[in-house]
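Secondary and tertiary structure notes
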Amino acid sequence: MNIDFDRIPRDALPALLRTMPKAELHLHIEGTLEPEMLLRLAHRHGVALPWAGVEALRAAYDFADLQSFLDVYYAGAGVLRDEADFFELAWAYFERAAADNVVHAEIFFDPQTHTARGVPIDRVILGLHHAARRAHQELRISSGLILCFLRHLSEDEAMATLDAALPWREHLVGVGLDSSERGHPPEKFARVFARARELGLECVAHAGEEGPAAYIEQALDLLQVRRIDHGVRCTESPALVQRLARERVPLTVCPLSNVRLRVFPDLASHNLPELLAAGLCATVNSDDPAYFGGYVADNYVQLFAAQPQQLGAREAHRLAANGFEASFVDDATKAGWRRELDAAFAAAMR
Ligand code: ADE
Ligand code: ZN
């Protein structure tokens, strides 16, 4: 299909960004826990919280860096106890994602946050899986679950977590690496990622969010990941940028997260246009939307509004197409989404 991007008026862009079909590839399900649900589950399970209500919770969402966010995020996740809680959490996300026309989501979860509190891993995986199955049936959203290892813990603990998840291997698409980046380089997890690869799991890792470009290189060379989560600090190494472009390694970028965790001072300074201009397979995602002030369409709309000179209809199409390209599905499925995307842009031409 021939799309003339110059014929899409600027004032049509926000609506197009919201309604165009999109994949979401960097989304922590625990990061979709909205304050209202958090308080409801705390009440249900008699969990004492340091926050009195929704206002106090939202006031706590003023983060200085990644660690100050993670402290609140892990405390919030402490209200998730039963399989029904994980189902409810994920179902609410899928309903919200449908409103943004997310047609495919690859979703992170942090089992160690829950098993450390005595919650069995099967409750976590099955609750999420049942919500994903219903989302496929009722909302036509396909999805995959990515089990993340917490990098502030040991590799032995990561290995034990992978072993504990094996009875539900069929419900997982891959493994990831998240939590506190500085001081916890990818090399610490080389063996557990090798084992995950043997099991046929796709591998991704957070790298170059707060950590240096060298962590991105380690994730590629030592963990052999297929995508880098965040990766925005790659621009500190021109050679690495060239490699990422040449090898077409996707970066799952999360603009609102980067501002809230002070990786960039504001959206106007975000380097996503630079990543695109360098020919990288950059994508737009929401990370922890309940904590960072917006879901995936909000990320697109707010970023495009902040950088109108750099980001227009052509870049919107590129970013959404990159999301499909970077997803872990077969080529025929990707081609179908790409046709839907092209049709949405063609319909917006004047
Ligand atoms: N866990 C949840 N969100 C995260 C992020 N942005 N970086 C690292 N770990 C995380
Ligand atoms: Zn993340």
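The following refers to the structure shown. (Residues numbered from 1 in each chain as written. Chains lettered and ligands numbered in written order. Predicted model: local features only at pLDDT ≥ 70, side-chain atom pairs only at ≥ 80, totals over all residues. Heavy atoms only, no water.)

**Here's the deal with the overall build of the chain**
In terms of regular secondary structure, the chain is built from 17 helices and 8 strands. Computed over its C-alpha atoms, the radius of gyration of the chain comes to 19 Å, within 12% of the 20 Å expected for a compact globule of 350 residues. Taken over 350 residues, the chain has a buried fraction of 58%. Considering only residue pairs separated by 6 or more positions, the chain has 77% of its internal contacts joining residues 24 or more positions apart. (Helix = DSSP H or I, 4+ residues; strand = E, 2+ residues; numbered from the N terminus. Rg over C-alpha atoms; globule rule 2.2 N^0.38 Å. Buried < 20%, exposed > 50% of the residue type's maximum accessible area, 1.4 Å probe, protein only. Contact = heavy atoms within 4.5 Å.)

**Some points on the environment of Asp298**
Turning to its location among the elements, Asp298 is positioned in helix H15 (residues 296-306). Linking Asp298 and Pro14, residues 284 residues apart in sequence, is a C-alpha distance of 9.4 Å. In contact with Asp298, other than residues within four places in its own chain, are Arg18, Arg96 and Leu256. A polar side-chain atom of Asp298 sits 3.2 Å from a polar atom in the side chain of Arg18. (Polar contact = N/O pair within 3.5 Å; in protein donor to acceptor, adjacent residues only side chain to side chain.)

**Regarding the site of ligand 1**
With respect to spatial proximity, the complete set of residues near ligand 1 consists of His28, Leu66, Phe69, Leu70, Tyr73, Asp178, Ser179, His206, Glu209, His230, Asp287 and Asp288. Within the contact set of ligand 1, a nitrogen atom lies 2.8 Å away from a side-chain nitrogen or oxygen of Glu209. Notes on ligand 1: free accessible area 260 Å², of which the protein chains cover 100%. Taking a 2 Å distance to the grid points as the criterion, the majority of the atoms of ligand 1 fall inside the largest cavity. The element best represented in the shell around ligand 1 is helix H4 (residues 66-77), accounting for 4 residues. Tallied by class, residues from the shell around ligand 1 come to 4 nonpolar, 4 polar and 4 charged. (Near = heavy atom within 4 Å. Areas by Shrake-Rupley, 256 points an atom, 1.4 Å probe, with all protein chains shown as cover. 1 Å grid on protein atoms, 1.4 Å probe; cavity = no way out; pocket = protein on both sides within 12 Å on 5 of 7 lines; lining within 4 Å. Sits in = over half its atoms within 2 Å of the grid points. Nonpolar A, V, L, I, M, F, W, Y, C, P; charged D, E, K, R; others polar.)

**Looking at the pattern of salt bridges**
In this structure the tally under the stated criterion is 21 salt bridges. Residues Arg96 and Asp298 are paired through a salt bridge, measuring 3.7 Å at the closest nitrogen-oxygen approach. Of this pair, Arg96 sits in helix H5 (residues 83-99) while Asp298 sits in helix H15, placing them 202 residues apart in sequence. Looking at Arg96, the relative accessible area reads 27%, which means it is partly exposed. Judged by relative accessible area, which is 14%, Asp298 ranks as buried. Between Arg233 and Glu236 there is a salt bridge; the shortest N-O distance is 2.7 Å. (Salt bridge = Lys/Arg side-chain N within 4 Å of Asp/Glu carboxyl O.)

**Section: the sheet that holds strand S2 (residues 102-109)**
The strand order across the open sheet built from 8 strands is S1-S2-S3-S4-S5-S6-S7-S8, with neighbouring strands paired in parallel fashion. Strand pairing shows two members of the sheet lacking a second neighbour, strand S1 (22-28) and strand S8 (282-284), which therefore form its edges. The average undirected angle you get between the axes of adjacent strands in this sheet is 25°. In this sheet, S2 lies alongside S1 in parallel orientation, the contact comprising 5 bridges. Within S2, the position partnered with Ala23 by the bridge is His104. (Pairing = 2+ DSSP bridges. Axes fitted to C-alpha atoms, helices over the stretch in contact; angles between N-to-C directions.)

**With respect to the packing of helix H8 (residues 155-165) against helix H9 (residues 190-198)**
Between two packed helices, the angle of one axis relative to the other and the distance separating the axes together describe the packing. Packing of H8 against H9 leaves a shortest axis separation of 8 Å and a crossing angle of 20°. What the angle tells us is that H8 and H9 run roughly parallel. Residues Glu155, Asp156, Ala158, Met159, Leu162 and Asp163 of H8 touch H9, and the partners they reach there are Ala190, Arg191, Val192, Arg195 and Ala196. Of the residues in the contact of H8 with H9, the class split is 6 nonpolar, no polar and 5 charged. (Parallel < 35°, antiparallel > 145°, perpendicular 65-115°, else oblique.)

**Structural notes on H8**
Every buried residue belonging to H8 is among Glu155, Ala158, Met159, Thr161, Leu162 and Ala165, and all of these are buried. The buried residues of H8 occupy an angular sector of 160° when projected down its axis, which confines them to one face. Of the surrounding secondary structure, the elements contacted by the buried residues of H8 are helix H6 (111-115), helix H7 (121-139), strand S3 (142-150), strand S4 (172-178) and H9. (Arc of directions from axis to C-beta.)

**Digging into the packing of aromatic side chains**
One pass over the full model with this rule turns up 14 aromatic pairs. Between Tyr61 and Tyr291 the ring centres are 4.7 Å apart and the planes differ by 50°, which places this aromatic pair in the tilted class. Residue Tyr61 is found in the loop between helix H3 (54-60) and H4, and its partner Tyr291 is found in helix H14 (residues 289-292); the two are separated by 230 residues along the sequence. Per residue, the accessibility class of Tyr61 equals that of Tyr291, and both read buried. Centroid distance Phe69 to Tyr73: 5.1 Å. Interplanar angle 40°. Geometry classified as tilted. (Phe/Tyr/Trp six-rings, centres within 6.5 Å; stacked < 30°, edge-to-face > 60°.)

**Things to note about the coordination of the zinc ion (ligand 2)**
Bound to the zinc ion (ligand 2) are the protein donor atoms His26 (NE2), His28 (NE2), His206 (NE2) and Asp287 (OD), situated 2.0 to 2.2 Å from the metal. Considering all 4 donor atoms around the zinc ion (ligand 2), angles at the metal cover 82 to 174° and the coordination shape is irregular. When the donors of the zinc ion (ligand 2) are listed by position in the chain, the intervening gaps give H-x1-H-x177-H-x80-D. Highlighted residues: His26 in strand S1 and His206 in strand S5 (residues 202-207), separated in sequence by 180 residues. Both residues of the pair, His26 and His206, count as buried. (Donors = N, O, S within 2.8 Å, 3.2 Å for Na, K, Ca; no water. Tetrahedral: all angles 85-135°; square planar, octahedral: opposite > 155°, others 65-115°.)

**Quick notes on the pairing of S2**
Of all 8 residues in S2, 8 are buried, a share of seventy percent or more. As judged from the 6 bridges shared by S2 and S3, these two strands associate in the parallel manner. Across the sheet, residue Phe109 finds its bridge partner in S3, namely Leu147.

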